[in-house]
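Spelled out from the first residue to the last, the chains are:
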Amino acid sequence: SRQKMTQAIGMSEVEGVAGIIVAADAACKAAAVKLAGWESIGGFTTLFVRGEVSDIESSLLAGTAAAATVSGHVAHNSLLQPEAVIDDFIGVPVDPDDTSATAEALGLIEIRGYGLHVENNDRMVKEADVELVNVLTVQDRVVCSLVKGELGAVERAIEGARQALSGNEWFMGSAVLSQPEACVVGAFGQFRKAGGN
């Protein structure tokens, strides 16, 4: 027999991955939802949050608005009474109760192309006292670098990267999250050496 889940699921989708990180932080701050996971395919990334129906709607509105500051393509949808089997399609699960990953600020810079990304990462860690915590690669040559540290340092690193990339056709977007949710840092800030998702 089919089993219904007790909580609704909200989904946001953006091109690349930086917008979804921004959406996740805004969604978790806006309402009592838990980050359930994320999946990337074809250059687009989908975020999954779980919670009560009213919280899902509020979180999706906040997440979509925040993602739109980074990504040109933002879509969202909700499943109000999802079947339990839906959990099998949430690609990278997140432990929403793991609060061990913290950061005063998290900076994101997203570009197309790996070589440009390596040069940019070197520039950021030289220009400011930040730690490179992850490099997320998704299809369509999209690379998103995450740095963390003190807010002023992260802002300097991201601003330096933005200036260096200004006018570059491969620059997709950037953001600085002040006091990011621990579940967001944990979900996206787990460093994996080389390769992609």
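How each quantity is defined
- Residues numbered from 1 in each chain as written.
- Predicted model: local features only at pLDDT ≥ 70, side-chain atom pairs only at ≥ 80, totals over all residues.
- Heavy atoms only, no water.
- Salt bridge = Lys/Arg side-chain N within 4 Å of Asp/Glu carboxyl O.
- Helix = DSSP H or I, 4+ residues; strand = E, 2+ residues; numbered from the N terminus.
- Buried < 20%, exposed > 50% of the residue type's maximum accessible area, 1.4 Å probe, protein only.
- Axes fitted to C-alpha atoms, helices over the stretch in contact; angles between N-to-C directions.
- Parallel < 35°, antiparallel > 145°, perpendicular 65-115°, else oblique.
- Left-handed = near helix turned anticlockwise from the far one by under 90°.
- Contact = heavy atoms within 4.5 Å.
- Nonpolar A, V, L, I, M, F, W, Y, C, P; charged D, E, K, R; others polar.
- Expected span 1.5 Å × (residues − 1).
- Arc of directions from axis to C-beta.

Draft legend 1. Quick look at the pattern of salt bridges. Applying the stated rule across the entire model yields six salt bridges. Among the ionic pairs, Lys29 bridges to Asp25, the shortest N-O distance being 2.9 Å. Pair noted here: Lys29 and Asp25 are both in helix H1 (residues 18-30), with a separation of four residues, about one helical turn. We classify Asp25 as buried; its relative accessible area is 3%.

Draft legend 2. Seen up close, the packing of helix H3 (residues 114-127) against helix H4 (residues 151-165). Axis separation between H3 and H4 bottoms out at 9 Å; the angle between their running directions is 140°. Relative to H4, H3 is oriented oblique. Our pair here, H3 against H4, has a crossing hand that is right-handed. Residue-level contacts link Leu116, Asn120, Arg123, Met124 and Glu127 of H3 to Arg156, Ala157, Ile158, Gly160, Ala161, Ala164 and Leu165 of H4. Classifying every residue of the contact of H3 with H4 by side-chain character gives seven nonpolar, two polar and three charged.

Draft legend 3. Expanded view of the packing of H1 against helix H2 (residues 53-67). Packing of H1 against H2 brings their axes to within 7 Å, and their N-to-C directions diverge by 145°. Considering only the axes of H1 and H2, their crossing is right-handed. Taken together, the residues of H2 that come into contact with H1 (itself represented by Gly19, Val22, Ala23, Ala26, Ala27 and Ala30) are Ser58, Ser59, Ala62, Gly63, Ala66 and Ala67. In terms of residue class, the contact of H1 with H2 is made up of eight nonpolar, four polar and no charged.

Draft legend 4. Examining H3 more closely. Its 14 residues give H3 an end-to-end C-alpha distance of 20 Å, which sits within 8% of 20 Å, the value for a rise of 1.5 Å per residue. Inspection of H3 places His117, Asn120, Asn121 and Met124 among the buried residues, and these make up the whole buried set. The buried residues of H3 occupy one face: seen down the axis, they fall within an arc of 105°. Opposite the buried face of H3, by more than 90 degrees, sit the exposed residues Gly115 and Lys126. On the buried face of H3, the contacting elements are strand E6 (105-112), strand E7 (131-138), strand E8 (142-149) and H4.

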